[in-house]
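Each chain, written out:
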Protein chains: 2
Amino acid sequence: MSYTAPIRDMQFALAIAGLDKVAPLFGENAAPDLVGQVLEEAGKLANEVLAPINRSGDIEGSVLENGVVRTPKGFKEAYKAYAEGGWNGLPFDPEYGGQGLPWTIAIPVQEMWNAANLGWAVGPLLTFGAVEALTAHGTAEQKQTYLPRLISGEWAATMNLTEPQAGSDVGALRTRAVREGSHYRISGQKIFITYGDQDWTDNIIHLVLARLPDAPTGPKGISLFIVPKFMVRPDCSLGERNDLRVVSLEHKMGINGSPTCVMAYGDGGGALGYLVGQENEGLACMFTMMNNARLQVGLQGVAIAERAYQQARDYARSRVQSRELGSRSPSGVPIIRHPDVRRMLLTMKALTEASRALAYSAAASLDLAKRAPDEAERARHQARMDLLTPVVKAWSTDIGVEVASLGIQVHGGMGFIEETGAAQHYRDARITPIYEGTNGIQANDLVFRKLGRDKGEAARAFLAEIRETEAALSAGPGDDLAAIRRQLAGGRETLEAATQAVVAGLDGDPRRSAVAAVPYLKLFGTVAGGHFLARGAVSAVEHLGGGASDSDFYEARLAVARFYADHILSQAPALLHPIRDGASAVLALAEDQF
Amino acid sequence: MSYTAPIRDMQFALAIAGLDKVAPLFGENAAPDLVGQVLEEAGKLANEVLAPINRSGDIEGSVLENGVVRTPKGFKEAYKAYAEGGWNGLPFDPEYGGQGLPWTIAIPVQEMWNAANLGWAVGPLLTFGAVEALTAHGTAEQKQTYLPRLISGEWAATMNLTEPQAGSDVGALRTRAVREGSHYRISGQKIFITYGDQDWTDNIIHLVLARLPDAPTGPKGISLFIVPKFMVRPDCSLGERNDLRVVSLEHKMGINGSPTCVMAYGDGGGALGYLVGQENEGLACMFTMMNNARLQVGLQGVAIAERAYQQARDYARSRVQSRELGSRSPSGVPIIRHPDVRRMLLTMKALTEASRALAYSAAASLDLAKRAPDEAERARHQARMDLLTPVVKAWSTDIGVEVASLGIQVHGGMGFIEETGAAQHYRDARITPIYEGTNGIQANDLVFRKLGRDKGEAARAFLAEIRETEAALSAGPGDDLAAIRRQLAGGRETLEAATQAVVAGLDGDPRRSAVAAVPYLKLFGTVAGGHFLARGAVSAVEHLGGGASDSDFYEARLAVARFYADHILSQAPALLHPIRDGASAVLALAEDQF
């Protein structure tokens, strides 16, 4: 049940993602040897502090006692070590105490926290979202008050969107905000509030979506408020307790270390809240939070896949069962020698590496969209990041679930027994395709917003990247690159045809586009993942040709890319049919015919 | 969280499976109106007695107190009602008190128990296996002693195969059996013993695999023994307690209602055991148990899929969220109106119906292999059943997991909260691809044994069935049948090519065949499922053309078959590549390169 941060794999993925283009824009903070140090140090905290309390955290769970949440043993101390290490401020503005590192480096570090202990890591994740939102939309005073304490980790933050009748449909929310001088009085009930309370920090800054009495109905009548657990005095010391409380904790299937709270605001007359941005423009602020959070939740898919893979690989190396196929020896061998176990492990590994490479590449565009010297390049990377974000979120979290399920299968019967830990990954992973916008909503975002707004231009730019990779594969030596190129070309042609069909379909019945959305996103992810692994294969062959000392590592990269091409990317062309011609049967049935 | 046995769907699947050919061979017991009554009555027990204690059974779990297992509240009473209703004897020999019904009818009834309460239903399942084994291999005296009491449900049985070092590799077991006059003394530890103890029956007949001191090593040195919990006197009253005990219960991820026991035999000097069949031929006896059990575990996949589907459909009809795409009304609609939710529900429904039709058709061959008047037909159905059994087991249980996972997704955040029940199905389903031979082992069975022994003859006979269905589709009217035919032809051609490649590959490196096995089984299941749904579509069109009164039902069958063709069967051709050319990358890596 141990975890070892896969630093070598991460650095390889960073190289594919183009860290060499990003790092110089961030000065000495992001110098190559410093990056290695950051990953090493983060790896220690993940491996030695967070991973060991993953299973105990699952068993103990967070509990609510007399209105106060107590997190599992070790969680508070781990948070203290994390905050003191400066990890909470890694990608944030040095003006407010951040480390000013690129997201491209922060993202692998985030992967480690999520892999080591998902139930713990969802806590800091929400604070990240709040820092993003306040940085983009807060007043100077709000920034001065909250950012230094959130970035240092002294305080934490939550995001309060969901209500019983307002889940995916956030516009249906009813929590009320009434103007009262320079502040507002907030009242209503919120559900699914991750770390709505905890014993980690002295104060918790709740970001709450609410509706003013005179607001328009629907999503255009939502405003965002800062609602601190304890009021903050002008000198930033803590004042009275605000009018909010935890009503109960949800009984979840997984990430049981994390408290998922039902929150009541304003039972005593109204919690004090402070507007962020403009009235009725809360949705834009929320999207600032959520865009970043979507990238990070996608990363949770990568993380849980890596964790499940490591666990299954270690088990397969140690579990002896049955003799080897085709061998004359009657002795049992470690099951990693059995072809189907290898096939499962390679599926896990290839999907993990592909989704990692995609997520890191999206993170690189996030940085380049902000810092690239050329404006056109910034715009290009912004569009690329916008395009890739829903793919990272949805494709990677589906992979997290699939890989965790394969992890159980590799364990056989032992996988179903909680003691091994494989089952926890399967349970934990299952929330990631749901929260921060279900994967269906991500697919709609990809099709209606991302393809819709530029008629597929960003997608075509991405397809051009793939064609460059195909050319590099053609130029390289050996059967493997040729085999990979064939599958990549097939996938890319399919994605071209599908993109064209989906863009054309946007002029028609939107329900037909919505039927195509999830298969289209799956196709996009599958081809994109193949593209990044293929780039890695080209790089590996170059290293091997140059006489790299660690040929084992590069041979494995080539084999994994080849496996992905033959077993996963080869499935891409079949997705064209449901994308183009799948709508009739879906829309035919009346509701009572289901 | 309710369950309603889908009797209409089951009868439709029975018609596709050819119940009209099976029933006449079983006399008045299987007359058409009686079948309806059997299903109705079973449905009442499933819906009203077993389903309501599914979630409470999950929460309470079975517990071990002072060496005795106590099952969850209501489980014992449900078993009593089940036994008194004669359900335990449905498919068994009337000579020993069975009802003598065909398996083709028993199987839908079994589906109901599994769907209503999987944690409960795994109990009777094991007794079924023991009845099969004793019927085939027991002495006249053993049959007289045990069969009437096992068939009536007065006693129950267990299967004891697994030991810590002997899971899939059953030949590695070490439990010892020493001859002592007319009986044997058994000692050793067994794990994963489902319902190794319970509070349902006065006696439990453990079937235990063990090894004689002079037995050959490996699987050819295994013998099967009857080891009763309480000794049975000549008059069949119960005598002393045998030397066996439950050491502990496993802490599982799902099917928590069922006690999964670690059993110790012979701590006090040796448990008394009685040989079944011949010494060292226990494996053949075990396969008798397991073949039937594999069909039934496959059915568990169908069952959990049906249960998860019903739950998700009901939720999608009642949960209002977001306005309808393309509609001008701002009001929220039930989420079943959203295209991607419909796509998910149809995926669930289509996979459930396809796997059900396959399982019922295999059951029909089981009956026809025993009772068809013509010897060649009996042999043909035996080969067909042998071929389909691993497909039913593996493909249907993978479907159970996939559909349960989609069920959570339809629920959104509520799916991750245990109270809704969707999460339990996802946890429960996950054991089914593992027990009774992992799905990897099923795939090896399909490729090495089933294709190997007749060089693909039975598979080609099945492909000929598909071609007949294609002809029927061509002869029928309308776009839907034509669209289904195109996809079915593509799938069938792929399965032909893959079968040829796999059979040819059996002359080469068996490791390459083993890499192809799981994708081949998936292809087989996908095409077979499409074939059965296509038959259903032809039948539905005939009914609609004949002016059927319940056109809603038949229209739905057609739409589901069309959906399956466009969204699922269309994926089949892509599987040819990994089957034919997928081995290189899998076998390339050294163990430490993983």
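Residues numbered from 1 in each chain as written. Chains lettered and ligands numbered in written order. Predicted model: local features only at pLDDT ≥ 70, side-chain atom pairs only at ≥ 80, totals over all residues.

Under the fitted operation, chain B is carried onto chain A by 0.0 Å of movement along the axis and a turn of 180 degrees, and the coordinates agree to an RMSD of 0.0 Å. Taken together, the rotation angle and the small translation identify this as a two-fold axis. Looking at the rotation axis and the C-alpha trace of chain B, the residue lying nearest is A574(B), at 3.0 Å. When the interface residues of chain B are mapped onto chain A, 100% of them again lie at the interface, so the same face is used by both copies. (Least-squares fit on C-alpha atoms with pLDDT ≥ 70 in both. Contact = placed C-beta atoms within 7 Å.)

Next up on the list: the domain arrangement of chain A. All names here are of chain A. By the assigned domains, chain A splits into domain 1 (7-62 + 71-152), domain 2 (156-281) and domain 3 (443-586). Breaking the side of domain 1 that touches domain 2 down by element, the ones donating at least two residues are α4 (54-60), α5 (75-84), α7 (118-137) and α8 (140-152). Take the side of domain 1 that touches domain 2: its biggest share by element is twelve residues, from α7. (Domains from an automatic or database assignment. Helix = DSSP H or I, 4+ residues; strand = E, 2+ residues; numbered from the N terminus.)

Residue-level contacts link 82 residues of chain B with 82 residues of chain A. Looking at the side of chain B that touches chain A, the element that brings in the most residues is helix α17 (residues 551-567) of chain B, giving eight residues. Residue classes in the side of chain B that touches chain A are distributed as 37 nonpolar, 24 polar and 21 charged. (Nonpolar A, V, L, I, M, F, W, Y, C, P; charged D, E, K, R; others polar.)

Counting residues in hydrophobic clusters, the biggest one holds 412 residues, and the most contacted among them are F225(A) and F225(B). Ignoring any residue separated from it by four or fewer positions in sequence, one finds F225(B) in contact with A177(B), Y184(B), I186(B), V208(B), A210(B), G273(B), Y274(B), L275(B) and V276(B). (Core = buried A, V, L, I, M, F, W, Y, C linked by C-beta atoms within 7 Å. Buried ≥ 20, exposed ≤ 12 C-beta atoms within 10 Å, placed from the backbone.)

Residues and elements named next belong to chain A. With 19 residues, helix α14 (residues 457-475) should cover 27 Å at 1.5 Å per step; its first-to-last C-alpha distance of 27 Å lies within 8% of that length. Of the positions making up α14, those classed as buried are A458, A459, F462, I466, T469 and L473. The buried residues of α14 occupy one face: seen down the axis, they fall within an arc of 105 degrees. Relative to its buried face, α14 has exposed residues pointing more than 90 degrees away, namely A464, E468, A471, S474 and A475. Each element contacted by the buried residues of α14 is listed here: α11 (375-411), α13 (439-454), α15 (479-505) and α16 (510-545). (Expected span 1.5 Å × (residues − 1). Arc of directions from axis to C-beta.)

So, about the pairing of strand β12 (residues 271-276) of chain B. For a regular strand, the rule is simple: side chains alternate between the two faces of the sheet. Residues and elements named next belong to chain B. Most of β12 is tucked away, with five of its six residues classed as buried. Here strand β5 (residues 183-194) pairs with β12 via three bridges, running antiparallel. Note on β12: the bridge partner recorded for I186 is A271. Where strand β7 (residues 223-228) meets β12, three bridges bridge the pair, whose relative direction is antiparallel. Bridging across to β12, L224 finds its partner in V276. (Pairing = 2+ DSSP bridges.)

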